[in-house]
Amino acid sequence: MTMKIFIIVFGVLLMLWGIHRLKTDDAFVGKTQKQKNLFNLLLLGEASGLGQFIGGVICIIIGVISFIIK
């Protein structure tokens, strides 16, 4: 039970940190922030803001599914 809640909370934290990184990160290539975020995702993977945001969403989904499946 506590592990399921921990996964959901961790997912929320990843999402919040990812949103922050999406707004503030800079990159070598890209004129708009969207292009910069996509380039960072390709270059850095999970360490980029977009990767952290997607990882957070996946953690939340896994946590909710684990509550349903038992």
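The paragraphs below set out a description of the structure included in this document. It should be emphasised that the depicted structure is a prediction, and the values quoted were computed from it without experimental measurement.

**Examining the overall build of the chain**
Phase 1 of the analysis: Scanning the chain from N- to C-terminus turns up three helices and zero strands.
Phase 2 of the analysis: Summarising its shape, the C-alpha atoms of the chain cover approximately 45 × 15 × 15 Å along the three principal directions.
Phase 3 of the analysis: Expressed as a percentage of its 70 residues, the buried residues of the chain come to 27%.
Phase 4 of the analysis: Residue pairs at least 24 apart in sequence account for 61% of intrachain contacts in the chain once pairs closer than 6 positions are excluded.
Phase 5 of the analysis: Only carbon and sulfur atoms are counted for the fraction: they give 77% of the accessible area of the chain, which is about 5,000 Å².

**Details of helix 2 (residues 33-44)**
Phase 1 of the analysis: Its twelve residues place the ends of helix 2 16 Å apart at the C-alpha level, agreeing with the 16 Å of an ideal helix rising 1.5 Å per residue.
Phase 2 of the analysis: Listed in full, the buried residues belonging to helix 2 are K36, N37 and N40. Each buried residue of helix 2 lies within a common arc of 100 degrees when the element is viewed along its axis, so the set occupies one face. Exposed and oriented more than 90 degrees from the buried face of helix 2 are K34 and L42.
Phase 3 of the analysis: The positive-phi residue at the C-terminal boundary of helix 2 is G45, with phi of around 70 degrees.

**Quick notes on the side chain of R21**
Phase 1 of the analysis: Note that R21 resides in helix 1 (residues 2-24).
Phase 2 of the analysis: In contact with R21, other than residues within four places in its own chain, are N37, A47, S48, G49 and Q52.

About the thresholds
- Residues numbered from 1 in each chain as written.
- Predicted model: local features only at pLDDT ≥ 70, side-chain atom pairs only at ≥ 80, totals over all residues.
- Heavy atoms only, no water.
- Helix = DSSP H or I, 4+ residues; strand = E, 2+ residues; numbered from the N terminus.
- Buried < 20%, exposed > 50% of the residue type's maximum accessible area, 1.4 Å probe, protein only.
- Contact = heavy atoms within 4.5 Å.
- Areas by Shrake-Rupley, 256 points an atom, 1.4 Å probe, with all protein chains shown as cover.
- Expected span 1.5 Å × (residues − 1).
- Arc of directions from axis to C-beta.

All we've got here are geometric facts, nothing functional implied.
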